[in-house]
Amino acid sequence: MNRVVRGMIADVVAWYCMPALFLLACVSRSFLPAEAVVPHLRVVLVPLLGLVLFRLVVPARLAAALAASALLALMAAYYALALIGLQSWGRVVSWDLIRSYGAQAPMLPDALDISLPLAVAAAALAWFALLGAAWAYLRVFDWTALLRRSARPPMFALAAGAVGAVGAIELYAFLAAPPTQKSEPLSLTLRPEEGAWDFQQHVIGRLKAAQLDAAEDEARRAYRPAASAERRNVFLIVVDALRPDHMGIYGYARDTTPNLARLEKAGMLRKAGMRASCSSSFCGLLSIAASRSLHEFSVRPITLHEALRRHGYRTHMILSGDHTAFYGLRKAYGELDEYFDARVAGAARYMNDDRIVLERLAAYPRWDGQPVMIQFHLMAAHPLGSREGTAPKYAPAANYAMRRDAAPAGGAAERAVNFYDNGVLHADAVIRGILGTLEAKGYLGNALVAITADHGEALGEHGFYQHTNSVREEMLRIPFVLLSYGTRAAGALDGATLASQVDIAPTILAELGMPRPATWKGAPLHSPVARDFLHFQERWEMGLFDLRDPRNVWKYWINVKTDEEYAFNLTLDPAESRNAIGAAAPRQKRDWRRQVLARGPLDARRRMGDPDEP
Amino acid sequence: MQLGDTRIGLDAPPGFADTGFTGSPRLAELAEALTSASNRILLFAIADGDLRRFTQGDPLELRRHMMVVTPRGLERSRVSESEFKAFVAESLRGLGEAPKSLDYPRHLDSRPTGTMTLLAELRRDADVVSVLQGTRTKDGGMFRRSEYMLSTATLLLVRGKALSLSVYTRYKDPADLDWIRVTTARWVEELKRLNPR
């Protein structure tokens, strides 16, 4: 009997190795709260009990090894995906996203610059290794055969029944009440909407959300469309992860935006530099649409699209990427007359290929005279985006999608920069394609085109690649370009000491002579913007730009998990090369902290022991 | 709506929204898929609730919808009563005889799935001919009922133009049958009122 007990203990230890490593990685890096541990360990018990039952019922060792290796492979694959999701965009990967990318599995290695045969071979090898390990393990530790031999049949049946019953009860408990409130990862994969507003610190308490939404509804009722507004067509092009300092028109040494440069030469283009509210897509896109930083988000904000609809516009979206599956992003966009993304397009193309956008737009009818607002989303500059259709100009180039928090070494940064610049070049070509089609179909007779980004991108600076992992300048800096068709471009966009993503929607409405909803936090950039602070946050890092002295713009942030603080005088040190927090006066630090606490998301306030927050 | 040199007044019945106002290519493609390429779609209306769900990003359920089309070949010409009669005869040719029984589900069960079947003639005047049709869209199994779709096809001569009005509803119970009859009759009268001779 001792061998049976020892075998059981060995099973538990072996089985829980992988979940333990996963949970350790998640909790130690603050991806998941510690309260997620126990619920997840309970969930993982279900397949273990299933496997034990299988071994009790089916005596063949090969079958048991096959079943064990299949389950372990599934578990490993899931953990890998969950970690990628948590690391890349701060959320556990959702079942919708798994299905979405799963359907495009053959195209994905190409987009990531990985050899497909190599990836398949590596996966097969890993599975064979698991199979071998399971076989070897069962040879030494399998206790089910021993039990089968030693126990009387009724006792054996009773044991098998007990294992099955406990497994069934655990499974039922999980399905009936998935522990999403405790951030158990599998439950969030299956029900991502229940955790959507909690991850990335988009934390809005129910009470706060109700208050904000009541204010939104009040503003909605009070909003009066302007009879004298100029109903020019509006096109908003959001290029995912586009940073201005890698665009030729912003003074970059490389001519990565030849098409936009031509338009600038023709006097049609105005531009401004600005900061995103965060370094992730979800809140960046909502900051653009609803003119507010993420600590001011509510459930039903008035969006740019809604304001334009009130002025008689049709509002359409044509998006590269699967926004439907991205944690309810489609729902967050609100009411639209037409919505088209890679999910709607089907699997004919890789989902992050901007030809989806070009092909859809090509199928549009000629403009029929009713004002229209179309928002485009391009993935050309994103590391997961396809660059098919534009010959790469800069070499050697390598995709850095698998690289996140690593100091550049061995020319990695140069290859990443070349890869990124090829993407910007491709984005410029796609924009040219969009404008060409719109012009040919009569939409640009009298129109306003805005080009911007949801967030920036790190290319090895400060030891980071990609986005969502910091609030460094390279991840927050975004471009804002206005193109005027049919009307002479007037009014420089230089009203703010530091422009913000939340100013985009008010600036567009001001261009059209339309009033701005009362709850919007941004301001038009044509006239002076009075603003002392500009807030931002990404995960645990939250902070502000201190604009009280325009000759000395400071940036301060605190990591609320580690309590590390950072301060940079951006006027003197725009590259954030030297943390000046030690040199800051204690009063100044207190003031910044207080500002961050006063305006920051509730979750962070709670963590910092804010007495106002229960 | 301008058809050749004639202006035709078109309006969706209460509770339905003309999808043309959205300018949505997806809805336009859906409408095109529901009618022959030889027709020009003048109006494609869906229930207000369905349109709202669509604009909010939910899948389009399309339980009830309606459409007005005109044959592209007759779009610009003025149609006389005799030409209209010929158009009606051509359009309704091959529909067969309406069943005597009013148990339409049973009748549709006897027909192959997907086959449009004439169920009743609702109206026949010189300028309006209206028929009720039905089809079994999905076979029921041992535990589920079959699913049916009812539609009315109304051919209408207004201001010298031949229009074809179609109203569709999923059939769940006799209330759907009453609804499609009443809605079609009222809609036809409303369009005639909007377009006096």
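Refer to the structure above for everything that follows.
Residues numbered from 1 in each chain as written. Chains lettered and ligands numbered in written order. Predicted model: local features only at pLDDT ≥ 70, side-chain atom pairs only at ≥ 80, totals over all residues. Heavy atoms only, no water.

*Asks:* Please explain the pairing of strand β9 (residues 477-485) of chain A as it appears in this structure.
*Replies:* Note on strand geometry: in a regular strand, side chains alternate between the two faces of the sheet. All names here are of chain A. Most of β9 sits inside the fold, with 8 of its 9 residues counted as buried. The pairing of strand β6 (residues 447-452) with β9 spans 6 bridges and is antiparallel. Each bridged residue has a counterpart across the sheet, and for Ala450 the counterpart in β9 is Leu482. (Buried < 20%, exposed > 50% of the residue type's maximum accessible area, 1.4 Å probe, protein only. Helix = DSSP H or I, 4+ residues; strand = E, 2+ residues; numbered from the N terminus. Pairing = 2+ DSSP bridges.)

*Asks:* Would you take a moment to explain the interface of chain A and chain B for this structure?
*Replies:* Note on interface size: it is often stated as the accessible area lost on association of the parts. Chain A puts 16 residues into the contact, and the matching count from chain B is 14 residues. Carbon and sulfur atoms supply 41% of the area that chain A and chain B bury against each other, a total of about 1,200 Å² over both sides. By the criterion of area lost to chain B, the three top residues of chain A are Lys331(A), Glu335(A) and Asp337(A), representing 35% of everything that side buries. For the pair chain A and chain B, the number of links is 3 salt bridges. In this structure, Lys331(A) engages Asp58(B) in a salt bridge whose closest nitrogen and oxygen atoms are separated by 2.4 Å. Elements supplying a minimum of two residues to the side of chain A that touches chain B: β3 (314-319), α14 (329-332) and β4 (338-340) of chain A. Per element, the largest residue contribution to the side of chain A that touches chain B is 3 residues, and it comes from β4(A). Classifying every residue of the side of chain A that touches chain B by side-chain character gives 5 nonpolar, 3 polar and 8 charged. (Contact = heavy atoms within 4.5 Å. Buried area = accessible area lost by both parts, 1.4 Å probe. Salt bridge = Lys/Arg side-chain N within 4 Å of Asp/Glu carboxyl O. Nonpolar A, V, L, I, M, F, W, Y, C, P; charged D, E, K, R; others polar.)

*Asks:* In this structure, what is going on with the nonpolar core? I would like to understand it.
*Replies:* If you look at soluble globular proteins, the nonpolar side chains tend to sit buried side by side. Ranked by internal contacts, the top residues of the largest apolar core, which has 146 residues, are Phe235(A), Phe376(A) and Leu483(A). With near-sequence residues (within four places) excluded, Phe376(A) lies in contact with Phe235(A), Leu236(A), Ile237(A), Val238(A), Ile318(A), Leu319(A), Val357(A), Leu361(A), Ile434(A) and Leu438(A). Formed by 30 residues, the second largest nonpolar core is a distinct cluster that contains Ala47(B), Leu119(B), Val128(B) and Ile180(B). (Core = buried A, V, L, I, M, F, W, Y, C linked by side-chain atoms within 4.5 Å.)

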